[in-house]
Amino acid sequence: MKLIIAANWKMHKTAAETVIFCEQLKRRESEFGGVEVLLCPPFTALAPAASALEGSAIRLGAQNISWEEQGAYTGEIAAPMLKEFGVSHVILGHSERRHIFGEEDVSIRKKLERALQAGLVPILCVGETEAQRKGGETGAVLERQLRAALEGLEGEKVKEMIIAYEPVWAIGSGQAASPGDAADAASLVRRVAEKHLGGGAGGALRVQYGGSVNAGNIGSFVSLPPVNGALVGGASLEVDTFAALVVAAGEAAG
Ligand code: PGA
């Protein structure tokens with residue numbers, strides 16, 4: 001299965017900084033082999049990024065969308081506004097949205113439906129907190145988040161979806177999950193996805209690992225079959241660091 005490495009820039013980089021990054025990354029593209037690369041800058045940098053990436057296979061993702069298509073929703077951004085700039089993917093349910101901004105399973109589900117309907121590929125993030133892990137609740141938490149997001153979703157598009165397993169305690173902490181734990185979680189994600197979506201979707205969709213991924217550890221994750229890439233925060237902000245990570249992923253996957 002083709003690997004996908006996604007850069008989640010969070011609230012980093014102006015439009016001008018983004019253009020410089022994109023131009024430099026484009027020059028490294030020939031080193032990326034068969035790895036799919038996705039950049040998810042802030043909303044304000046999407047249009048300049050799209051122009052800077054013209055002629056390249058590097059794709060663009062947003063970090064959030066509204067579940068509505070348009071209307072009186074101050075401060076929200078709708079899927080068609082993103083598609084206008086060639087955005088193809090959208091991160092949904094990231095732990096920072098869940099824990100800092102109070103997003104709940106119900107709204108994440110609505111956003112997921114909207115993304116699929118609009119033809120955006122969702123990257124649905126799931127993961128347990130440190131307390132949940134210590135309490136032995138990892139499996140139950142993942143099952144709950146996945147069921148709320150996936151149960152009853154229909155259509156061929158669900159097979160193109162990406163699910164990112166991101167243990168909350170591993171995000172930005174420098175302490176990544178062990179590759180074995182990430183692979184176990186990825187297998188569970190597939191089983192639960194198949195239960196709720198059926199039709200082979202659990203095997204077809206791609207599962208990323210996220211949480212303190214870097215060029216040094218990416219290989220140990222993507223060399224395990226249930227893991228098909230990574231969602232990368234901190235290590236995606238410098239061109240050289242990020243390019244090295246993508247190259248390492250490609251080499252590990254052979
Ligand atoms: P990190 O972030 O790579 O900085 O741990 C990952 C994420 O939040 O998606």
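Our structure is the block above this text.
So, how was this worked out
- Residues numbered from 1 in each chain as written.
- Predicted model: local features only at pLDDT ≥ 70, side-chain atom pairs only at ≥ 80, totals over all residues.
- Heavy atoms only, no water.
- Pairing = 2+ DSSP bridges.
- Helix = DSSP H or I, 4+ residues; strand = E, 2+ residues; numbered from the N terminus.
- Axes fitted to C-alpha atoms, helices over the stretch in contact; angles between N-to-C directions.
- Contact = heavy atoms within 4.5 Å.
- Near = heavy atom within 4 Å.
- Polar contact = N/O pair within 3.5 Å; in protein donor to acceptor, adjacent residues only side chain to side chain.
- Areas by Shrake-Rupley, 256 points an atom, 1.4 Å probe, with all protein chains shown as cover.
- Nonpolar A, V, L, I, M, F, W, Y, C, P; charged D, E, K, R; others polar.

Working definition: the strands of a sheet are paired by backbone hydrogen bonds and lie parallel or antiparallel to each other. Reading around the circumference, E1-E2-E3-E4-E5-E6-E7-E8 is the order of the 8 strands in this closed barrel, with parallel pairing throughout. If you compare each strand with its neighbour and ignore which way they point, the axes differ by 25° on average. Examined bridge by bridge, strand E7 (residues 206-210) and strand E8 (residues 229-232) share 2 bridges and lie parallel to one another. Paired with Gly210 across the strands is Leu231, a residue of E8. Running over the sheet, helix H7 (residues 138-150) touches strand E5 (121-126) and strand E6 (162-165) and is turned about 150° from E5. Along the sheet face, helix H11 (residues 239-253) touches strand E1 (4-8), strand E2 (36-40) and E8 and points at about 160° away from the line of E1.

Here we come to the site of the ligand. Inspection of the region around the ligand gives 13 residues, with Lys10, His94, Glu166, Gly172 and Ser212 positioned closest. Within the side chain of Glu166, one N or O atom sits 2.7 Å away from an oxygen atom of the ligand. A distance of 2.8 Å is found between an oxygen atom of the ligand and a backbone nitrogen or oxygen belonging to Gly234. Relative to its free-state accessible area of 280 Å², the ligand is covered by the protein chains to the extent of 95%. Residues belonging to the shell around the ligand are distributed by class as follows: 4 nonpolar, 7 polar and 2 charged.

A few words on unusual backbone geometry. Phi is positive for Lys13, close to 85°, though the residue is something other than glycine. Within the element layout of this structure, Lys13 appears in the loop between E1 and helix H1 (15-27). Its identity is not glycine, yet Ser212 carries a phi of approximately 60°, on the positive side.

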